[in-house]
Amino acid sequence: MSDIIVIGAGVIGLSAALRLQQAGHSVTIIAKDFPTPFEAADKRALINYTSQWGGAHNRWVLPTNPAEQREHEFSLTTYRHMEATLREFPEAGITFMKGIEYFENPPPVHRDLTVEKALQLGLEEFKLLEKKDFPDDKVAWGCEYKTWCVNPMVYCSFLLRHFHILGGKAMAMELRNLNEAFLVKAVPGVKLVVNCSGQGFNDPAVFPTRGQTCLVANPCPATVTRQNADGSWSFCVPRNFHGGTIIGGTKEPDNWDPEPSPETRARLLSAFAATYPPIVADGPLQPLGDIVGRRPTRRGGIRLEREEIAADEIKGLQDNEARSIVHAYGLGGRGFELSWGVAEEVFELVKQRVSSRL
Ligand SMILES: Cc1cc2nc3c(=O)[nH]c(=O)nc-3n(C[C@H](O)[C@H](O)[C@H](O)COP(=O)(O)OP(=O)(O)OC[C@H]3O[C@@H](n4cnc5c(N)ncnc54)[C@H](O)[C@@H]3O)c2cc1C
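All values reported here derive from a predicted model rather than from experimental measurement.

**Regarding unusual backbone geometry**
So, step 1. Cis peptide bonds are those with omega within 30 degrees of zero, and the linkage from Gly55 to Ala56 qualifies with 5 degrees.
So, step 2. In the segment running from Gly248 into Gly249, the intervening peptide bond is cis, with an omega of -25 degrees.
So, step 3. Here Gly249 lies in the loop between strand 11 (245-248) and strand 12 (252-253).
So, step 4. Phi angles above zero are rare outside glycine, and Phe241 is one such case at about 50 degrees.

So this is what it looks like as structure tokens:
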């Protein structure tokens, strides 16, 4: 088996590192940022470390084309993995609960959804909601199903600890160029690097989708999402494990503003309390802090492929063997829910490289 460097300690890098380790590879994670307790994290310094700021829940995206179908398979793989992880490690930061969705203007794929189709798609405990279950007259369609939520930093810290206890190594280091990874002395002669850097290295197709949310102390028994007719969203993600509940949220492509807006916070909180009154049944919302995160979005979708690099393209190598980079970045707003499907694909891309050199 091979020495492999994984760049990145977000949910994608940690999942990929664990999957490769499980296959017998010797894996080193190199990252600028590592999981940090939410309560102590520097919001500005870590703003580009998206896993720190994600919700994070699984919301099913119904597939309408081959790319979405592939992502749906990834989310099913992740769902099963979350179930298995929770069974074995109750402390991992995962909770299964009811997911509720409301649409003011449902797209055809939702309008046409039946219980049978939902079952075929793998959605468990799926139920179409009736008009009497809707929060107000603007909602035109609703459903519920069983899904999972994670407390992101409890979960990512768990993945890192798990990786470490199984013999994985981790180095805190910022790389300025991908080729730098092939020259790191701690892993001499490494032939394979997995790029889970979130935003890639100067990829012109990548842009941030800004998300402002607010953490409240109130617990919530369900993860609820509402899509409004004007394109805005209202949602909550219970974090559990003493993590409160995230109330969101905005989705603003190409907006680099690092500062939360108090007006946005007020709008998000009142919109969510109106959509899901049980969250204020025991008292008003208790805000603990605003969050601004940058979803690493990529025109053309996730980059998930292997690139071969001739040895003479990497100055400073001590041999003439070509190197490979497996890219796994640009997860946008779906990194947690696709994580184990992506990790499986990374494993396949690595396996093809290893077997082609035997
Ligand atoms: C408000 C908000 C809500 C969200 N909610 C959800 C949700 O409910 N469900 C869901 O699935 N997703 C959600 N997301 C999206 C999810 O958080 C991201 O898709 C995911 O975190 C991306 O993970 P990643 O590992 O690719 O990148 P990141 O978490 O950004 O990690 C990148 C890693 O690469 C390292 N790195 C980068 N560049 C370098 C370099 N040059 N040298 C060394 N290291 C480097 C970083 O230090 C870090 O360790 C949400 C995002 C936001 C902002």
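The rest of the description comes next.
**Quick look at the UniProt feature "binding site: FAD" (unreviewed entry) in the protein**
So, step 1. Look at the UniProt record and you will see "binding site: FAD" (unreviewed entry) annotated at Thr50 and Ser51.
So, step 2. Its location among the elements puts Thr50 in the loop between strand 2 (26-31) and helix 2 (66-88).
So, step 3. Relative accessible area serves as the criterion here: at 19%, Thr50 is assigned to the buried category.
So, step 4. For Thr50, the contacting residues outside a window of four places in its chain are Arg294, Arg295 and Pro296.
So, step 5. Mapped onto the elements of the fold, Ser51 is located in the loop between strand 2 and helix 2.
So, step 6. Among all residues touching Ser51, those that are not within four sequence positions of it are Gly10, Val11, Pro152, Met153, Cys156 and Phe336.

**Describing a nonpolar patch on the surface**
So, step 1. On the surface, a nonpolar cluster with roughly 250 Å² of combined accessible area is contributed by Val115, Leu119 and Leu128.
So, step 2. Here Leu119 lies in helix 4 (residues 115-120).
So, step 3. We classify Leu119 as exposed; its relative accessible area is 59%.

Calculation rules
Residues numbered from 1 in each chain as written. Predicted model: local features only at pLDDT ≥ 70, side-chain atom pairs only at ≥ 80, totals over all residues. Heavy atoms only, no water. Helix = DSSP H or I, 4+ residues; strand = E, 2+ residues; numbered from the N terminus. UniProt positions renumbered as here; feature names shortened; annotations may be inferred. Buried < 20%, exposed > 50% of the residue type's maximum accessible area, 1.4 Å probe, protein only. Contact = heavy atoms within 4.5 Å. Patch = residues over 30% accessible without salt bridge, like charges linked within 9 Å, V, L, I, M, F, W, Y side chains within 5 Å. Areas by Shrake-Rupley, 256 points an atom, 1.4 Å probe, with all protein chains shown as cover. Salt bridge = Lys/Arg side-chain N within 4 Å of Asp/Glu carboxyl O.

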